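# Structural overview for review
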Amino acid sequence: MSSGLLLTILIAVFVGGIAQRVAGIGFGLLLAPFLIVALGPHQGVAVTNVCGALAAGLVIRHVWRRIDWSMYVSLAVPAALGVLLGTYAASVLPVGPLEIGVGVFMLAALTSSLVLNRTERVLRGSIPKTAAGLLAGISNSMAGAGVPAVSAYAVLARWPQASFMATMQPFLATLSLTTLTVRAVIDPGAWPQLAWWIWVVLCVLTAAGLSAGSLLAPHVPEATARRIVVALAYLGAASALVKGIIDLQ
C-alpha cells in the first residue's frame, strides 16, 4: 500500500466518523470503496466492518432512547441470513469480477437512494422490511455497505429520521460483527494482514471522527452532511469499479 493511498484511507476513516455521528449513516459507504481498492475486496470488507462496528457501537450510547428495538429485530434476523449468503458468494468469486460487482452495486445503490428519495410511494407490511434486511446482509458481506438497502426501505416506508438514525447504530454494529464472525468461519484466510499500528490508528481516527462529529452535529445541516457522504462514496465506488476492470486485464 502506498503512503498516498494510506493517507487517503485515514482521511476517509476520520470523515466517515464525522458523517456517522452527524447523519447516522455513511461510514461504510465512504470507507469501503477506498479499502477495497487498497486491500482487495476480501480484506477491504473485513477492515470496513471492524471500523464500522466500532463507530456504530460508540454512537449507540448517544441515541439509546430513540432506538426502535422491534424494527431492529425485524431487520437483523433476515440480515444474518443475508450475511451467510453473501459471504459464501464472496469466498468463491474471483477478485476482478467481485471488485467490479462491488463498484456497480455501490453506484446503483447510491443512485437508487437518490431517486427513491423523491418518490411519494409508501411501503407497508413485513415483506419489504425482511427484504431490506436480507439485502443489507448480502451487500454488507460482499461490499462492506449494508446501509443502502435499509435506507431505501426507510425512505419508502416514511420511517422518521430520528428513529432511523438511532436504530441504525445497533443494527450496523450487529451486521458488522456478524459479517466478521461468519467470514472467520467460512473464509479465515481473508483476515487482513495489517501492521498493529495501522489497526491502532484506524481505531483512534474512528473515535476522533465521531468526537468531531459530536461537536459539528449542531451546526451542520443533515442534508449537507449526506450530500458530502454520497459524493465521496460515488468517487470511491468508481475507483473500485476501475480497479476491477484493470485486474481483469
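Refer to the structure above for everything that follows.
These figures come from a predicted structure and were not determined experimentally. (Residues numbered from 1 in each chain as written. Predicted model: local features only at pLDDT ≥ 70, side-chain atom pairs only at ≥ 80, totals over all residues. Heavy atoms only, no water.)

Counting its regular elements, the protein contains 10 helices and zero strands. Listing the helices and strands of the protein from first to last along the sequence gives α-α-α-α-α-α-α-α-α-α. Scored against the burial criterion, the 249 residues of the protein give a buried share of 51%. The long-range fraction of contacts in the protein, counting pairs at least 24 apart against all pairs at least 6 apart in sequence, stands at 85%. Counting only carbon and sulfur atoms, one obtains 69% of the accessible surface of the protein, whose full area is about 11100 Å². (Helix = DSSP H or I, 4+ residues; strand = E, 2+ residues; numbered from the N terminus. Buried < 20%, exposed > 50% of the residue type's maximum accessible area, 1.4 Å probe, protein only. Contact = heavy atoms within 4.5 Å. Areas by Shrake-Rupley, 256 points an atom, 1.4 Å probe, with all protein chains shown as cover.)

We now examine the packing of helix α4 (residues 69-92) against helix α6 (residues 126-143). Geometry of a packed helix pair, given as the angle between the helix axes and the separation of the axes. Look at α4 against α6: their axes get within 6 Å of each other, and the N-to-C directions meet at 40°. Taken together, the axis directions place α4 and α6 in an arrangement best described as oblique. Every pair of crossing elements has a handedness; the one defined by α4 and α6 is right-handed. Residue classes in the contact of α4 with α6 are distributed as 13 nonpolar, eight polar and one charged. (Axes fitted to C-alpha atoms, helices over the stretch in contact; angles between N-to-C directions. Parallel < 35°, antiparallel > 145°, perpendicular 65-115°, else oblique. Left-handed = near helix turned anticlockwise from the far one by under 90°. Nonpolar A, V, L, I, M, F, W, Y, C, P; charged D, E, K, R; others polar.)

At their nearest, the axes of α4 and helix α8 (residues 161-186) sit 9 Å apart, and the two run at 30° to each other. Taken as axis vectors, α4 and α8 run roughly parallel relative to one another. For the crossing formed where α4 meets α8, the hand is right-handed. Each residue belonging to the contact of α4 with α8 can be placed in one class, and the counts come to 17 nonpolar, six polar and one charged.

Right, let's get into the packing of aromatic side chains. Two aromatic rings, taken as a pair, are described by how far apart their centres are and by the angle between their planes. Counted under the stated rule, the structure contains four aromatic pairs. Both rings, one in Trp69 and one in Tyr72, keep their centres 5.4 Å apart while their planes meet at 85°; by these two values the pair is edge-to-face. Remark: Tyr72 and Trp69 occur in helix α4; sequence separation between them is three residues, near one turn of the helix. Looking at Tyr72, the relative accessible area reads 15%, which means it is buried. (Phe/Tyr/Trp six-rings, centres within 6.5 Å; stacked < 30°, edge-to-face > 60°.)

Here the focus is the nonpolar core. Counting residues in hydrophobic clusters, the biggest one holds 28 residues, and the most contacted among them are Ile9, Leu31, Val47, Leu194 and Leu202. Put simply, the parts of the chain that give this core at least two residues each are α1 (3-23), α2 (27-39), α3 (41-63), α8 and α9 (196-216). Ranked by residues supplied to this core, first place goes to α3 with eight residues. With residues up to four places along the chain from it excluded, the contact list for Val47 reads Leu35, Leu39, Pro192, Leu194, Trp199 and Leu202. (Core = buried A, V, L, I, M, F, W, Y, C linked by side-chain atoms within 4.5 Å.)

With that out of the way, let us pick up the state of the cysteines. Taken as a whole and assessed by the stated rule, the structure comprises zero disulfides. Between Cys51, a free cysteine, and Cys203, which holds the nearest cysteine sulfur, the sulfur-to-sulfur gap is 6.0 Å. Given a relative accessible area of 1%, Cys51 falls into the buried group. (Disulfide = S-S within 2.5 Å.)

Any link to function would need more than the numbers given here.
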